[in-house]
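Results of the structural survey
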Amino acid sequence: MKKVLAYGGMILLFVLLQCSFFTHLSLADVVPNLLIILTASIAIINGSLEGCLVGFFSGLLLDLMFGPYIGMYAFGYLLCGYLTGIGNRIFYKEDITFPVLMIAAADLFYGCYMYIFGFMIRGRLNVLFYLRRIILPEAVYTVIIAIFLYRIILIITEHLQKWRLNSVSVESLF
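Presented here is a report on the structure given in the accompanying data block. (Residues numbered from 1 in each chain as written. Predicted model: local features only at pLDDT ≥ 70, side-chain atom pairs only at ≥ 80, totals over all residues. Heavy atoms only, no water.)

Between two packed helices, both the angle of their axes relative to each other and the distance between the axes serve to describe the pair. Look at helix α3 (residues 48-65) against helix α4 (residues 72-85): their axes get within 7 Å of each other, and the N-to-C directions meet at 160°. Taken as axis vectors, α3 and α4 run roughly antiparallel relative to one another. The chirality of how α3 crosses α4 is right-handed. Residues Ser48, Gly51, Cys52, Gly55, Phe56, Gly59, Leu60, Leu62 and Asp63 of α3 pack against Met72, Tyr73, Ala74, Tyr77, Leu78, Gly81, Tyr82 and Gly85 of α4. A per-class count over the contact of α3 with α4 returns 10 nonpolar, 6 polar and 1 charged. (Axes fitted to C-alpha atoms, helices over the stretch in contact; angles between N-to-C directions. Helix = DSSP H or I, 4+ residues; strand = E, 2+ residues; numbered from the N terminus. Parallel < 35°, antiparallel > 145°, perpendicular 65-115°, else oblique. Left-handed = near helix turned anticlockwise from the far one by under 90°. Contact = heavy atoms within 4.5 Å. Nonpolar A, V, L, I, M, F, W, Y, C, P; charged D, E, K, R; others polar.)

Here's what the structure looks like:
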């Protein structure tokens, strides 16, 4: 229950930060995708299932707030959570390079997903413009912010795991 509340709180906090604080820090009209950082980080640390759940609920919240269709963002973030969660098997907590590369890959995948389902279907076929002006700058900005946020997310998830282990060992005494 504590993990669900913590994840829900992080999703709300990251949505609020992305939609308010980071809009004032936009570079070249691009804002970092904090929810990709959260979804990919949780998926890398705890696996595909938790990554899918965090991604789905992150995307669902965005769908309810901004989405033209219910489910478009939710499915995109769910896919990012699943695909980055596969890397959980080769994850080492000491190494930040792998998680940052996975976050970059997730953001690039999500940018392509949004181009296909948000723009290409509507007849906007200038993929190089979209790639140069939105996908790549957002990925770079997201990676820069991910270097700092990933450590915080890792500390929070480790704390949740320690709390769960401690509560399980205390319950086994009784």
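Past the structure itself, the notes keep going.
Another point: the nonpolar core. A general tendency of soluble globular proteins is for nonpolar side chains to be buried together. Within the largest apolar cluster, 41 residues are counted, with the highest numbers of intra-cluster contacts made by Ile37, Leu38 and Tyr110. Of all the secondary-structure elements, those providing two or more residues to this core are α1 (2-21), α2 (34-46), α3, α4, α5 (97-119) and α6 (127-173). Residue contributions to this core peak at 10 residues, all from α6. Setting aside its immediate chain neighbours within four residues, Tyr110 contacts Asn33, Ile36, Tyr73, Gly76, Tyr77 and Cys80. (Core = buried A, V, L, I, M, F, W, Y, C linked by side-chain atoms within 4.5 Å. Buried < 20%, exposed > 50% of the residue type's maximum accessible area, 1.4 Å probe, protein only.)

With that settled, consider the packing of aromatic side chains. In the structure shown here, the tally under the stated rule is 8 aromatic pairs. Their ring planes at 85° and their centres at 5.3 Å tell us that Phe21 and Phe22 sit as a pair that is edge-to-face. Aromatic side chains Phe75 and Tyr113 sit 6.4 Å apart centroid to centroid with 50° between the ring planes, which places their arrangement in the tilted category. Remark: Tyr113 occurs in helix α5 and Phe75 occurs in helix α4; sequence separation between them is 38 residues. Taking the relative accessible area as the measure of exposure, Tyr113 reaches 8% and is therefore buried. An aromatic cluster is defined as three or more aromatic residues linked by ring pairs; in this entry it consists of Phe75, Tyr77, Tyr110, Tyr113 and Phe117. (Phe/Tyr/Trp six-rings, centres within 6.5 Å; stacked < 30°, edge-to-face > 60°.)

A positive phi is found at Ala28, a non-glycine position, where the angle reads about 55°. Along the chain, Ala28 falls in the loop between α1 and α2. Judged by relative accessible area, Ala28 falls into the exposed class, the value being 60%. Phi at Asp29 is positive, roughly 60°, even though this residue is not glycine. Summarising the element assignment, Asp29 is placed in the loop between α1 and α2. Overall, the relative accessible area of 71% leaves Asp29 in the exposed class.

Moving on, we get to the pattern of salt bridges. Applying the stated rule across the entire model yields 1 salt bridge. Between Lys3 and Glu50 there is a salt bridge; the shortest N-O distance is 3.1 Å. Taken together, the residues Lys3 in helix α1 and Glu50 in helix α3 connect sequence positions 47 residues apart. What makes Lys3 partly exposed here is its relative accessible area of 25%. (Salt bridge = Lys/Arg side-chain N within 4 Å of Asp/Glu carboxyl O.)

Interpretation note: all reported values are geometric properties and have no functional meaning in isolation.
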